[in-house]
Amino acid sequence: MTDAPPQALHLTRSDVEAAHERVRPVVRRTPVVEIDGDEIGVAARVVLKLELLQHTGSFKARGALNSVLRAGTERGVAAVSGGNHAAAVAWAATRAGLDADVFVPSTATPEKIERIRGYGGRAHIVEGGVPDAFAAGVPWAAEHGVHLIHPFEQVDTMCGQGTLGLELEEQVPDADAVLVACGGGGLYSGLRTAIAPAVHVVPVEPQRCANLHAALAAGRPVPVEVGGVAADSLGPAEIGATAFQLARADGIEVPLVSDDDIVAARRWLWQRCRVLAEPGGCTALAALMSGAYVAAPGAVVAVVVSGGNNPTIP
């Protein structure tokens, strides 16, 4: 007999609104930039949400700050991630006067590891990928009695990420859809909770980090092999239960993009907009540019450019 799929965590728009009030005095209200859809070969109005201008260079600052403020601990906090979440937790903990021990895989870019240390975090480098970092970080936090801030499958994290959606409601009130890169699913879950069903939230994955796509095909989250240009930010081996259940309930078909699609979108952002995003941060735009997601003519599509922690100019 097959085990039942894991249950989603319960979160509501009211939870996101409460997180918004909590973090709004600190996080940046990141700007939006409208581009002509003809520039990228689509018949829609396209608005970029430049979340790479957020503290620590990604949307992760929102969930990390909300989680730290809600942790209620004096022992410090711990985190596991490919780099962006870890830097965000280090930043948020330092603001709160707490220690932060963060576990990152050896595949994390040197830039991200340096940023973690620059924000005051103790970086524990674990040989291997994100699953290996989890295998080291989770028992360490339990042994030391330190609150572990999960990068995606935690209510406070997801609600913090969802505050981006409340900003978008004000900045792009006529949006029909929002495209967002999906790694573990925390940003997708928070956005979907905040603004759906009024706005269609579309999770986009790289072909080589397609854990949500695989989960929907299997009927439950399953581990997948991850790799490619966006693995350092979108590389959890298994999608979070909450994102899986929400996507399944909505009948989502996940657009998949190739590494070449991501690189092309990243190059276009730099050459045409002078926006230097990391590959994972370009994944949502890649879906629109490649045709993996087809917008209806005349639709208004918001695209989250979610991170910029990569120093290499394409």
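Let us look at the structure shown here. (Residues numbered from 1 in each chain as written. Predicted model: local features only at pLDDT ≥ 70, side-chain atom pairs only at ≥ 80, totals over all residues. Heavy atoms only, no water.)

Brief notes about the packing of helix H7 (residues 186-195) against helix H10 (residues 241-250)
As a packed pair, H7 and H10 sit with axes 9 Å apart at the nearest point and diverge in direction by 50°. On the basis of their axis angle, the class for H7 and H10 is oblique. For the pair H7 and H10, the crossing hand works out as left-handed. Contacts from Tyr-188, Ser-189, Arg-192 and Thr-193 of H7 reach H10 at Thr-242, Ala-243, Leu-246, Ala-247 and Asp-250. Looking at side-chain class alone, the contact of H7 with H10 contains four nonpolar, three polar and two charged residues. (Axes fitted to C-alpha atoms, helices over the stretch in contact; angles between N-to-C directions. Helix = DSSP H or I, 4+ residues; strand = E, 2+ residues; numbered from the N terminus. Parallel < 35°, antiparallel > 145°, perpendicular 65-115°, else oblique. Left-handed = near helix turned anticlockwise from the far one by under 90°. Contact = heavy atoms within 4.5 Å. Nonpolar A, V, L, I, M, F, W, Y, C, P; charged D, E, K, R; others polar.)

Some words on the sheet that holds strand S6 (residues 147-149)
Taken in spatial order, the four strands of this open sheet run S5-S4-S3-S6, and their pairing is parallel. Of all the strands in the sheet, just strand S5 (122-126) and S6 have a single pairing partner and so form its edges. For this sheet, the mean inter-axis angle between neighbouring strands, taken without regard to orientation, is 25°. The pairing of strand S3 (residues 77-80) with strand S4 (residues 100-105) spans four bridges and is parallel. By the bridge assignment, Val-80 is partnered in S4 with Phe-103. (Pairing = 2+ DSSP bridges.)

With respect to the pairing of strand S8 (residues 200-206)
Counting buried positions along S8 yields six of seven residues, so the element is predominantly enclosed. In terms of strand pairing, strand S7 (residues 177-181) meets S8 through five bridges, oriented parallel. Along S8, the bridge assignment pairs Leu-179 with Val-202. Considered for its hand, the β-α-β crossover made up of S7, H7 and S8 is right-handed. (Buried < 20%, exposed > 50% of the residue type's maximum accessible area, 1.4 Å probe, protein only. Right-handed = clockwise from strand over helix to strand, strands pointing away.)

Considering the sheet that holds strand S9 (residues 256-257)
Strands sit in the order S1-S2-S10-S7-S8-S9 across an open sheet of six strands; the sheet is mixed. Each edge of the open sheet is held by one strand with a lone partner, namely strand S1 (32-35) and S9. Pairing of strand S2 (residues 45-50) with strand S10 (residues 300-305), which is carried by six bridges, proceeds in the parallel orientation. From the neighbouring strand, Leu-50 faces S10, where its bridge partner is Val-305.

Regarding the pattern of salt bridges
Taken as a whole, this structure holds 16 salt bridges when the rule is applied. As a salt-bridge pair, Arg-122 and Asp-99 come within 4.0 Å of each other at their nearest N and O atoms. Of this pair, Arg-122 sits in strand S5 while Asp-99 sits in the loop between helix H3 (84-95) and S4, and the two are 23 residues apart along the sequence. By relative accessible area, Arg-122 is classed as partly exposed at 43%. Relative accessible area serves as the criterion here: at 46%, Asp-99 is assigned to the partly exposed category. The shortest N-O distance in the salt bridge between Lys-112 and Asp-232 comes to 2.6 Å. With Lys-112 in helix H4 (residues 110-118) and Asp-232 in helix H9 (residues 231-234), this residue pair connects regions lying 120 residues apart in the sequence. In this pair, the class of Lys-112 matches that of Asp-232, namely buried. Bridged by salt links that share partners, the residues Lys-49, Glu-51, Arg-62 and Glu-167 form one connected network. (Salt bridge = Lys/Arg side-chain N within 4 Å of Asp/Glu carboxyl O.)

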